[in-house]
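So the chains spell out like this:
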Amino acid sequence: NDVNGDGDLDFIVGLQTKEDVGTGEETGCIEIHSLRSLLKTGVHTVSAADGGNVIFLLDFPADSANLDFKILASQSGRGPSDLGIYVPLTRDRMAVDSYYGRYPNNTHFNLHGELDATGKSFSSFYFPRKMPSFMIGSIYYFAAVVFNNNGTPKYSSIARTIEILP
């Protein structure tokens, strides 16, 4: 669960210690650990009526500096798919098309690119205004994959979802 509201998964570790001498009360401690998010979005919903631009922020470890990445998409869910590493997307037509850089015209910026010297980048995907009503309730899944210089996958992010609302 996301305990601290930052959009990343967290886990809690607790330790119960012995009874405090003389008080009769038990003591202990808990710690909250957060898993690093490699792909973030500023929004999780888009209006079918108004459309919107979804910005993806990529933040991979420093050893990913200057490596190529792809933002992959799926309409079918969180998978998994195996590209030599676990990618949390269902392999459907959209996932295959996005792997090969085929996205709807005029809907994207930098979905295939190169990370900067610190392992970071940004991309965007534009959902148009006045989407057909059958798209309301649709959920799109996006994940970023970073590739070694030899073309093999190095890292995959978790899947981020964008839901189409009225």
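See above for the structure.
The structure displayed is predicted, hence computed values, not measured ones.

Asks: Break down the packing of aromatic side chains for me, with residues and values.
Replies: Overall, the coordinates contain 8 aromatic pairs when judged by the stated rule. The interplanar angle of 50° and the centroid separation of 5.0 Å between the aromatic rings of Phe-56 and Phe-142 together place this pair among those described as tilted. One end of the pair, Phe-56, is in strand 5 (residues 52-59); the other, Phe-142, is in strand 12 (residues 139-147), with 86 residues separating them in the sequence. By the burial criterion, Phe-56 is buried, and Phe-142 matches it. Counting every residue linked through ring pairs, the aromatic cluster contains Phe-56, Phe-125, Phe-127, Tyr-140 and Phe-142. The ring centre of Tyr-99 lies 3.7 Å from the NZ or CZ of Lys-70, which sits over that ring. Over the aromatic face of Phe-147 sits the side chain of Lys-70, whose NZ or CZ is 5.3 Å from the ring centroid.

Asks: Outline the pattern of salt bridges, listing residues and values.
Replies: Enumeration according to the criterion identifies 4 salt bridges in this entry. Between Lys-154 and Asp-63 there is a salt bridge whose closest N-O contact spans 3.6 Å. Taken together, the residues Lys-154 in strand 13 (residues 153-156) and Asp-63 in the loop between strand 5 and strand 6 (68-74) connect sequence positions 91 residues apart. The class for Asp-63 is partly exposed, based on a relative accessible area of 45%. A salt bridge links Arg-102 to Asp-97, with the nearest nitrogen and oxygen atoms 3.0 Å apart. The exposure class assigned to Asp-97 is buried, which follows from its relative accessible area of 15%. Here the residues in one salt-bridge network are Arg-93, Asp-97 and Arg-102, joined through shared partners.

About the cut-offs
- For every chain, the first residue of the written sequence is number 1, and numbering continues from 1 along that sequence.
- Only residues with pLDDT of at least 70 get local features here, since the model is predicted, and only at 80 or more are side-chain atom pairs given and counted; chain-wide, interface and lining totals rely on the full set of residues.
- The basis for every side-chain value is the complete set of heavy atoms in the structure, and neither hydrogens nor water enter the calculation.
- Classification of ring pairs uses Phe, Tyr and Trp, with its six-membered ring standing for Trp, and accepts pairs whose centres are within 6.5 Å; under 30 degrees between planes counts as stacked, over 60 as edge-to-face, and the remaining range as tilted.
- Numbering goes from the N terminus for both helices and strands, where a helix is a DSSP run of H or I of at least four residues and a strand is a run of E of at least two.
- The rule is simple: take the accessible area with a 1.4 Å probe, protein chains only, and divide by the maximum for that residue type; under 20% is buried, over 50% is exposed, in between is partly exposed.
- Geometrically, a charge over a ring is one whose NZ (Lys) or CZ (Arg) sits within 6 Å of the ring centre while staying within 35 degrees of the ring normal.
- Whenever Lys or Arg places a side-chain nitrogen within 4 Å of a carboxyl oxygen from Asp or Glu, that contact is recorded as a salt bridge.

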